[in-house]
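Here's the letter readout for the chains.
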Amino acid sequence: MRLILAQVAVLAMGLALVLWAVVGLGPSMFHDVLVANHHAHEAEMVGQVHMQEAFRTVSLSGLLIGGLPALGIAVGLSLYLYRTIGRSLTRFSTAARQVASGDYRVQLGPPRLGPEFDALASSFNDMAARLEAVDSTRRQMLADLAHEMRTPLASIKVHVEGVEDGVVDFDQETTGVLYSQIGRLERLAGDIRQLTRAEEGLVDLRLARQHPATVIAEALAAVQQQAAARDITLATESSGPVPEPVPMDRGRIGQVLANLLANALRHTPVGGTITVHTHDAPEAVTIAVTDTGEGIAPEDLPHVFNRFYRARTGREAGPGSGLGLAISRALVQAHGGTLQAHSPGPGQGSSFTLQLPRT
């Protein structure tokens, strides 16, 4: 309403200035123009007073004939804009209250008031969709976290109650179980903190140009004994020349490769093969960890990087917290790269492809 009143005030002030110019300055200016164009004799014959009155009458009539309809049209257009913009702002306000109350499914249609309002509606819809995704992820994460904590807490509770009742001896075996479950909870808490920091962009990356082959060799050396114990072959391949150094945080990328190799070892049977393949390109370096293990079903493939996601019961084995792949993807994305999973299907192995940009 203040905008409309301001527009009307501007129109009224403009009309007042025009009237003042026509009534106050117009007659004398008209007389000066007649004199300058050698019509002073005709002006004297008519009479200066009569000429000025006639000029005022004609000018005011013209202003009234043209100005009043123009003022009415301007006021009408202002009211139309007021109602149109007001309805759009009311929809925005209502939608904002719905989002504030926790209903993120609200969607606004384009107001058709110009690209700025359309962009605002689109941004609002994107915001609501992102908030819904964040809220859904938060609820799912809390549910998964409660599920992951239930097993070690139940084990600790059973052993403590057994010790209190005298059913279980408080010996080295019992303390070992308790320390094992406590360690599992500690790893879970640490992994969640690490994942949260990585996804929020709070990871302190110490970027330096590193040779991918060196980082790969260190990661393979760390799992060499574990692979040898299960008769799993570790191999490296490279297409083209040896990759040139690429900007990376050596420790973080080493952690990603360690997670990928640990995941491959966990799901590769005895006598299998794990291959680390590198490919050098002008824009990025690609590292692929491929195994000959269980493989991943097509319906599970899009979810392997989700928190706590396990494709089937067999994947629940192992000491991990179920966050390794999610942490790996977040760390790679913090480098500006990508991490993707591929698998032909169950029983045909899987491949995790890491791509690091050169810039």
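Definitions and limits used
- Residues numbered from 1 in each chain as written.
- Predicted model: local features only at pLDDT ≥ 70, side-chain atom pairs only at ≥ 80, totals over all residues.
- Heavy atoms only, no water.
- Helix = DSSP H or I, 4+ residues; strand = E, 2+ residues; numbered from the N terminus.
- Buried < 20%, exposed > 50% of the residue type's maximum accessible area, 1.4 Å probe, protein only.
- Contact = heavy atoms within 4.5 Å.
- Areas by Shrake-Rupley, 256 points an atom, 1.4 Å probe, with all protein chains shown as cover.
- Core = buried A, V, L, I, M, F, W, Y, C linked by side-chain atoms within 4.5 Å.
- Axes fitted to C-alpha atoms, helices over the stretch in contact; angles between N-to-C directions.
- Parallel < 35°, antiparallel > 145°, perpendicular 65-115°, else oblique.
- Left-handed = near helix turned anticlockwise from the far one by under 90°.
- Nonpolar A, V, L, I, M, F, W, Y, C, P; charged D, E, K, R; others polar.
- Patch = residues over 30% accessible without salt bridge, like charges linked within 9 Å, V, L, I, M, F, W, Y side chains within 5 Å.
- Salt bridge = Lys/Arg side-chain N within 4 Å of Asp/Glu carboxyl O.
- pLDDT = per-residue confidence, 0-100.
- Phe/Tyr/Trp six-rings, centres within 6.5 Å; stacked < 30°, edge-to-face > 60°.
- Pairing = 2+ DSSP bridges.
- Polar contact = N/O pair within 3.5 Å; in protein donor to acceptor, adjacent residues only side chain to side chain.

Thoughts on the overall build of the protein chain
- Each helix and strand in the protein chain was counted, giving 9 helices and 7 strands.
- Counting only residues that meet the buried cut, the protein chain has 33% of its 359 residues in that class.
- Here the analysis covers contacts within the protein chain between residues at least 6 apart in sequence; of these, 70% occur between residues at least 24 apart.
- Split by element, the accessible area of the protein chain, about 21500 Å² in all, is 60% carbon and sulfur.

Observations concerning the nonpolar core
- Of all hydrophobic cores here, the largest spans 44 residues; its most connected members are Leu257, Leu261, Ile274, Val289, Phe352 and Leu354.
- In terms of residues, this core owes the most to one element, helix H8 (residues 250-266), which gives 7 residues.
- Look past the residues within four positions of Ile274 in its chain and what remains in contact with it is Ile232, Thr233, Leu234, Ala235, Leu261, Ala264, Leu265, Thr268, Val289, Thr290 and Asp291.
- Ala95, Val99, Leu108 and Ala128 belong to the second-largest nonpolar core, a separate cluster that totals 9 residues.

Some thoughts on unusual backbone geometry
- Of note in this structure, Asp231 is not a glycine but carries a positive phi near 60°.
- On the basis of relative accessible area, Asp231 is assigned to the exposed category, the value being 52%.

Some details on the packing of helix H6 (residues 212-222) against H8
- Where H6 meets H8, the axes come as close as 9 Å, and the angle between the chain directions of the two elements is 45°. Classified by the interaxial angle, the pair formed by H6 and H8 is oblique. In terms of crossing hand, the pair formed by H6 and H8 is right-handed. Note on element contacts: H8 touches H6 through Arg250, Ile253, Gly254, Leu257 and Leu261, opposite Thr214, Val215, Ile216, Glu218, Ala219 and Leu220.
- Among the residues forming the contact of H6 with H8, the class breakdown is 7 nonpolar, 2 polar and 2 charged.

Quick word on the side chain of Thr275
- Relative to the helices and strands, Thr275 is located in strand E4 (residues 273-280).
- When neighbours within four sequence positions are excluded, Thr275 is seen to be in contact with Ala235, Glu237, Ala288, Val289 and Thr290.

Side note on a nonpolar patch on the surface
- Among the surface-exposed residues, Met1, Leu5 and Tyr82 lie close enough to one another that they form a single nonpolar patch of about 320 Å² accessible area.
- Within the secondary structure layout, Met1 lies in the segment before helix H1 (2-36).

Some points on the pattern of salt bridges
- What the rule picks out here adds up to 3 salt bridges.
- Of the charged contacts in the structure, one is a salt bridge between Glu218 and Arg250, with a shortest N-O distance of 2.4 Å. On the criterion of sequence distance, the pair formed by Glu218 in helix H6 and Arg250 in helix H8 is long-range, its members being 32 residues apart.
- Since its relative accessible area comes to 41%, Glu218 is described here as partly exposed.

A closer look at the confidence of the model for the protein chain
- The pLDDT averaged across the protein chain works out to 81; a share of 87% of its residues lies at or above 70.
- Considering only residues more than four positions removed or in separate chains, one finds that residues 313-319, a stretch of pLDDT under 50, has 8 contacts.

Quick word on the packing of aromatic side chains
- Under the counting rule described, the total for this entry stands at 2 aromatic pairs.
- Aromatic pair Phe92 and Phe124: ring centres 6.2 Å apart, planes at 85°, arrangement edge-to-face. Placement of Phe92 in helix H3 (residues 48-100) and of Phe124 in helix H4 (residues 115-165) is noted, with a sequence separation of 32 residues between them. As far as burial versus exposure is concerned, Phe92 and Phe124 are alike and both buried.

Side note on the sheet that holds E4
- The strand order E2-E4-E5-E7-E6 describes an open sheet built from 5 strands, whose pairing is mixed. Only two strands of the sheet have a single partner each, and these edge strands are strand E2 (233-239) and strand E6 (338-342). Adjacent strand axes in the sheet meet at a mean angle of 15°, parallel and antiparallel pairs treated alike.
- By the bridge criterion, 7 bridges tie E4 to strand E5 (residues 284-291) in an arrangement that is antiparallel.

Re the environment of Ser239
- Take Ser239: it is sitting in strand E2.
- Sequence-wise, Ser239 and Asp280 are 41 residues apart; in three dimensions their C-alpha atoms are separated by 7.4 Å.
- Here the side chain of Ser239 touches His279 through a polar contact of 2.7 Å, side chain to side chain.

A short note on the pairing of E4
- Of the pairings in the sheet, the one linking E2 to E4 comprises 7 bridges and is parallel in character. Note on E4: the bridge partner recorded for Ser238 is Thr278.
- Hairpin connection of E4 to E5: 3 residues between the antiparallel strands.

Re the packing of H8 against helix H9 (residues 324-334)
- Following both chains from N to C, one finds H8 and H9 inclined at 150°, their axes separated by 9 Å at the closest point. It follows from the interaxial angle that H8 and H9 lie roughly antiparallel. Seen from above, H8 lies across H9 with left-handed handedness. Residue-level inspection shows Arg252, Gln255, Val256, Asn259, Leu260 and Asn263 of H8 in contact with H9, the latter providing Gly324, Leu325, Ile327, Ser328, Leu331 and Val332.

Details of the environment of Pro245
- Along the chain, Pro245 falls in the loop between E2 and strand E3 (246-248).
- On the basis of relative accessible area, Pro245 is assigned to the buried category, the value being 16%.
- The spacing of Pro245 and Gln210 is 35 residues in sequence and 4.7 Å in space, taken between C-alpha atoms.
- Beyond its immediate stretch of four places on either side in the chain, Pro245 contacts Arg209, Gln210, His211, Pro212 and Arg358.

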